[in-house]
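Letter by letter, the chains look like this.
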Amino acid sequence: MQGKGTIRFFAIALAIACVYSLSFSFVVSSVENAAKEFANGDSKKERAYLDSVANEPVYNLLVAKYTYKECQDRQINLGLDLKGGMNVTMEISLTDLIKSLAGNNDDASFNQAMVNAKTRQLTSTTDYITLFVEEYDKLVPNGKLAAIFATKENQGRINFNTTNEDVVKVIRLEADRAIERSFNILRTRIDKFGVTQPNIQLQEGSNRVLIELPGVTEQDRVRKLLQGTAKLEFWETFENAEIFPALENANKVIAAKLKTTKDTVKTVATDSTAIATTADAKPSLLNKLKGDTTKSKTDTSKSRELLARENPLFAVLAPATFTNEQNQQALRPGAVVGYVLEKDTATVNSYLNMEEVRNSLPSNVKFLWAVKPIDKTTTFELFAVKVTSRDNQPVLGGDAIASAREDFDQRGNPEVQMTMNAEGAKIWKRVTAAAAGNPTDKNDNRCVAIVLDNYVYTAPVVQNEIAGGVSSISGNFTVAETKDLANVLQAGKLPAPAKIVEEAIVGPSLGKEAINAGLISSIVGLVIVLLFMAFYYNRAGVFADIALLINVFFIMGVLASLGAVLTLPGIAGIVLTIGMAVDANVLIYERIREELAEGKSFRLAISDGFKNAYSSIVDANVVTLISGIILYAFGSGPILGFASTLIIGILTSLFAAIFITRLIFEMEIAKNRVTKFSNALTANWFKDANFDFLSRRKLFYFISSAIIVAGVASVMIKGFSLGVDFKGGRSYVVRFDKDVTTQEVREVLNETFGVTTEVKTFGSGNQVKVTTSYLIDNQNEETDRMVETKLAEGLAKLGDAKGEVLSSQKVGPTIANDIKKSAVWAIVLSLVAVFLYILIRFKRWQFGMGAIVALLHDVLVLLSLFSIFNGILPFSLDIDQAFIAAVLTVMGYSMNDTVVVFDRVREYIALHHTKNEGLASVINNALNSTLSRTVVTGLCTIFVLAVLFIFGGEVIRGFSFAMLIGVIFGTYSSLFVATPIVVDFIRKEK
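Note on numbering: residues in each chain are counted from 1, in written sequence order. For a predicted model such as this one, the threshold for reporting local features is a pLDDT of at least 70, and the threshold for listing and counting side-chain atom pairs is 80 or more; totals across whole chains, interfaces and linings nevertheless cover every residue. Heavy atoms throughout the structure, all of them, feed into the side-chain values; hydrogens and water do not.

## Concerning unusual backbone geometry
Then comes step 1: The backbone phi angle of asparagine 104 is positive, close to 55°, even though this residue is not glycine.
Then comes step 2: Each helix corresponds to a stretch of at least 4 residues labelled H or I by DSSP, and each strand to a stretch of at least 2 residues labelled E; elements are numbered beginning at the N terminus. Along the chain, asparagine 104 falls in the loop between helix 5 (94-101) and helix 6 (108-121).
Then comes step 3: Given a relative accessible area of 59%, asparagine 104 falls into the exposed group. Here's how the labels work: a residue is buried when its accessible area is under 20% of the maximum for its type, exposed when over 50%, partly exposed in between, all with a 1.4 Å probe on protein chains only.

## Brief notes about the pairing of strand 17 (residues 448-452)
Then comes step 1: Of all the 5 residues making up strand 17, 5 are buried; the element is thus mostly covered by neighbouring parts of the structure.
Then comes step 2: The side-chain alternation of strand 17 yields two buried faces, one formed by Val448, Ile450 and Leu452 and the other by Ala449 and Val451.
Then comes step 3: A pair of strands is labelled paired if DSSP reports no fewer than 2 bridges between them. Bridge count between strand 7 (residues 232-236) and strand 17: 5 bridges; the pairing is antiparallel. Each bridged residue has a counterpart across the sheet, and for glutamate 233 the counterpart in strand 17 is valine 451.
Then comes step 4: In the sheet, strand 17 pairs with strand 18 (residues 455-458) via 3 bridges, with the strands oriented antiparallel. Bridge pairing links valine 451 to valine 456 in strand 18.

## Describing the packing of aromatic side chains
Then comes step 1: Put simply, two rings from Phe, Tyr or Trp (the six-membered ring, in Trp's case) pair if the centres are within 6.5 Å, and we call them stacked under 30 degrees between planes, edge-to-face over 60, tilted for the rest. By the definition in use, this model includes 34 aromatic pairs.
Then comes step 2: Centre to centre, the rings of phenylalanine 24 and tyrosine 66 are 5.0 Å apart; their planes meet at 90°, and the pair counts as edge-to-face. With a gap of 42 residues between them, phenylalanine 24 in helix 1 (residues 4-39) and tyrosine 66 in strand 2 (residues 65-67) connect regions that are remote in the sequence.
Then comes step 3: On the accessibility criterion, tyrosine 66 (12% relative accessible area) is buried.

## Some thoughts on the pattern of salt bridges
Then comes step 1: Each reported salt bridge corresponds to a side-chain nitrogen of Lys or Arg within 4 Å of a carboxyl oxygen of Asp or Glu. One pass over the full model with this rule turns up 19 salt bridges.
Then comes step 2: Glutamate 666 is paired through a salt bridge with arginine 662; the nearest N and O atoms lie 3.2 Å apart. Here the residue glutamate 666 and the residue arginine 662 both occupy positions in helix 23 (residues 638-670), the gap between them amounting to 4 residues, near one helical turn. The exposure classification of glutamate 666 matches that of arginine 662, with both residues buried.

## Examining the packing of helix 5 against helix 6
Then comes step 1: Lines fitted to the C-alpha atoms define the axes, with helices restricted to the stretch that makes contact. Angles between their N-to-C directions range from 0 to 180 degrees. Where helix 5 meets helix 6, the axes come as close as 11 Å, and the angle between the chain directions of the two elements is 165°. One way to sum up the angle between helix 5 and helix 6 is to call them roughly antiparallel. Of the two elements, helix 5 crosses helix 6, and the hand of that crossing is right-handed. Between helix 5 and helix 6, the contacting residues are Thr95, Ile98 and Lys99 on the first element and Phe110, Asn111, Met114 and Lys118 on the second.
Then comes step 2: In terms of residue class, the contact of helix 5 with helix 6 is built from 3 nonpolar, 2 polar and 2 charged. Working rule for angles: under 35 degrees goes down as roughly parallel, over 145 as roughly antiparallel, 65 to 115 as roughly perpendicular, anything else as oblique. A clockwise turn of the near helix away from the far one marks a right-handed crossing, whereas an anticlockwise turn of less than a right angle marks a left-handed crossing. The contact definition used throughout considers only heavy atoms, calling two residues in contact when any of these lie within 4.5 Å. Residue classes follow a fixed rule: Ala, Val, Leu, Ile, Met, Phe, Trp, Tyr, Cys and Pro count as nonpolar, while Asp, Glu, Lys and Arg count as charged, and any other residue, Gly among them, counts as polar.

## Section: the side chain of serine 21
Then comes step 1: Here serine 21 lies in helix 1.
Then comes step 2: Not counting chain neighbours up to four residues away, the residues in contact with serine 21 comprise Arg74, Gly557, Ala560 and Ser561.

## Structural notes on the sheet that holds strand 12 (residues 365-370)
Then comes step 1: On the basis of which strands lie adjacent, the open sheet formed by 8 strands has the order 8-11-13-12-18-17-7-14 and mixed pairing. The strands lining the two open edges of the sheet, one partner per strand, are strand 8 (318-319) and strand 14 (396-397).

## Concerning the nonpolar core
Then comes step 1: Within this scheme, the nonpolar core is defined by two criteria: the residues are buried Ala, Val, Leu, Ile, Met, Phe, Trp, Tyr or Cys, and they are joined through side-chain atoms within 4.5 Å. Counting 140 residues, the largest nonpolar core has Tyr589 and Phe665 as the members making the most contacts within it.
Then comes step 2: The element best represented in this core is helix 20 (residues 508-562), accounting for 18 residues.
Then comes step 3: Look past the residues within four positions of tyrosine 589 in its chain and what remains in contact with it is Tyr537, Ala540, Gly541, Phe543, Ala544, Thr661, Phe665 and Phe677.
Then comes step 4: If you look at the next biggest cluster of nonpolar residues, it comprises 45 residues, including Leu97, Leu131, Ile158 and Ala178.

## A look at the environment of alanine 335
Then comes step 1: In this structure, alanine 335 sits in the loop between strand 10 (329-331) and strand 11 (336-341).
Then comes step 2: When neighbours within four sequence positions are excluded, alanine 335 is seen to be in contact with Thr237, Phe238, Leu382, Phe383, Ala384, Cys447 and Ala459.

Any functional reading would require information beyond the geometric quantities listed.
Here it is as structure tokens:
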């Protein structure tokens, strides 16, 4: 063997690197165990312990020392499905970006073109900007985009003579810049959020950002942090006394409008908290609203109802007042113009948005809500701010903020300290000077509203002019809220709104179960393969086992060194690699057995066996590698974890099987030992096999065709069960404290959601998977909470059965469409890549066609069985991303098997020309000669997949079932479909 020293050196170096990378995981585990022992079950105490050692050296390598936090950053990262947490896909709104670039132009055709482009994007593969331009051209043939985009902000880049092509270039450039800025801003926000080992990636060629936050439990806080555009504004305000006459006039307009339309009006709230914090400027009206206590309840109710019809606005909005020294009601000084119960805010919005009301109000008034209710109440404050410019802009924008940080005021309340840039400080000085008014007159002081994303965070009275540009935002904040607010302001505002279009949440309990399932399936699968190899190949099988264990060690070490994320599908990839890793050893061992059978010496048989097996090993693993690379390129989320472990596993298994095993045999040869490759039981297995594959090929064609035809019929009758990532919607895994029926849960949720809900048993009888399309098209920030509230409301109707949501997933329609497109492209590219590789390697198109027919056969059979057994088997058979991963992996495995057979067929055909045997006889002999390798590799892979199916957990049961069926039929197709097809094509050509 050439280069033994180099191989030894490389193997030792790789082993040391793996030990180094894995050691950080052991150190972290040791520290966390010490924390648990110290805390004795107290989670706060445990967290305090870990915080205390976060920046303390816990790992001393003499040449370097590492803190606990640094060790955490270098350990093997666990994915959300193993650790729990949140995974989201953010989409930067190009619609809002284009609107902003056009200066919010109100041209009807321009705005309609954006609406049409958004609609087409749901089903089109074309990017949004191209769709917008196409739609604008349809609405305005030969229209000039420059007329819309030639704004003051675009001066120097776009003028009225700029061509449409050049305008589109500017739009694309700004879109790319906005996406890049949004990515950097989101990354800054996440880095400051304090999540351990966050993962954030910009999807190349798209306007999406993928974010993983392991261990996160505050989903609402994360959504608010990520989706907030940080649109910070400073507005001058109206005084309550200034705006009250306008509200009185609006009240009359609303009453007249409702009287005309005979609309139902809400009666005044009787909530004691609201009454305590709200009052009216006129005592008589306030007394009427509260009701005369001397009257009966019936009379009071009628009085309130009548008064609500006369004063509909003041029935739900109580003006801000106070009791003056003369014990009379007077308007309260300040920017708060009224108080409204949370349940009535929508009613007030609808009143103030009436066209007649808007026309009756001053043109320079704008109403804004407080960001949160008054402390310990459900009452919100309403503010009135001044619109002083034609384009509805505030007196000062958030771009004036140079820095922001969380702090505490003099009373110890949380606040945010802001520092403005030079231009901002100059404007702020002028604004606060005007608001402060006459310093000697307290009644002359006015407020300035500090507004973030159209909500008033605070509106302090300005006592004095503020010079230097240093200010604070204070209010009814918690420490976490000021931290997030400062984070958002410091990171900057997003150039365009970013919405969550895909989301997955996994609870920690489900993650712990997934870890246990993954570990059990991995260990059991590994043990079965080790025992089988030792049984079948005797002492040589033990050497293969050593190589296999080293291979698993290398996989884990490489994963740790690359900072890869270990997910449940990733564990499935490792388990599958365990089954497939023995293939190279099997190919080598079968060749060595053939060489020994010809009477060669042990040394020569080892040398020739390895040399003759190289071609098949390389070809077989390259086609599997192609599938892995395509999966990695087109997959996202869990599929990436599976693809990365599969790719790493293929490379490390090749090294272990070819070089580590060879080194062991060289050591045996050096000691003059002869290794046995079989025992008394297995010595004659498959010896002199003489199965006539080709004469029965029509029977196998018929069997395969019958399954596919039955599958087509099943698809036409009941179709497929599409996963939420293919059709869009929300899905929840719910566990109850007792068994429930899917029909009962379905009926309750159908009634609650008002749309058809899909409910399936998910594992045991007390666990279901709920899928719904309810409000999936609604992009409001509160939608997720609304759906979760509805789900909880529906589950509460099940009586004694108490349900707990273990995990959830949301996929928007656009994402679902893109996932389907990616899946189709992945399969098509795999077919093309495999065909080209086989054509180049085997130099005959018949082999390429045989491989493609076999691959299509495997995919169609798998799809057929998923449709046929859907609803029959007691587990989910959804067509989703995991299924596509299974299909591509099966294609890789099938090609692996087929290429090995083709290699032997090519070798035997070369011999056929010299021995003058018939083609059928030659190919039958070739297939029989590979039968032992095909069966042994197939059995090892089937063993581990069966273990994965049984012990791997419900989350990947459908995936492992697809893999199991795929491997069985992939092995079948390589013998009974691919090679017979090649023979038929060769005969037709002749």
